[in-house]
Amino acid sequence: MDCIFCKIASKAIPATLIYDDDQIVAFHDNAPQAPTHILLVPHQHIATINELGKENSDLISHMILTATQLAKDLSLADDGYRLVWNCNRQGGQAVYHIHLHLLGGRNMHWPPG
């Protein structure tokens with residue numbers, strides 16, 4: 001498989017992980033859209049959120065709860081932050097391996113674009 005996020009999650013290519021457990025890894029985005037821009041990526045390859053089913057509910061909950069804990073750890077929680085999932089090309093997905101964006105450190109605008 002030629003998926004960059006699979007390679008990062010399996011440690012086949014180096015990355016500075018800020019979180020790592022048996023289900024997910026988290027690291028800073030290499031093209032940040034905010035002062036803090038972290039990606040949370042599951043070890044399991046799932047191309048888009050359209051492929052998720054009830055069997056993935058524990059994984060998705062874990063990703064969201066980990067993101068909220070990271071937001072607290074990084075002192076983003078009180079001022080606010082944004083969690084974003086992108087799906088397919090028109091939804092802004094560039095890497096076809098699901099990932100949750102944690103963005104913070106600036107005012108977020110609506111609509112997001």
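Residues numbered from 1 in each chain as written. Predicted model: local features only at pLDDT ≥ 70, side-chain atom pairs only at ≥ 80, totals over all residues. Heavy atoms only, no water.

In the nomenclature of an unreviewed UniProt entry, the protein is known as Histidine triad nucleotide-binding protein of Photobacterium chitinilyticum.

Here the focus is the pairing of strand E2 (residues 24-28). The element E2 is extensively covered by neighbouring structure, given that four of its five residues are classed as buried. Where strand E1 (residues 17-20) and E2 come together, three bridges link them in antiparallel fashion. Looking at E2, one finds that Leu17 is bridged to Phe27. Hairpin connection, E1 to E2: the antiparallel pair is bridged by three residues. Across five bridges, E2 lies against strand E3 (residues 36-42) in antiparallel orientation. Within E3, the residue paired with Val25 across the bridge is Val41. (Buried < 20%, exposed > 50% of the residue type's maximum accessible area, 1.4 Å probe, protein only. Helix = DSSP H or I, 4+ residues; strand = E, 2+ residues; numbered from the N terminus. Pairing = 2+ DSSP bridges.)

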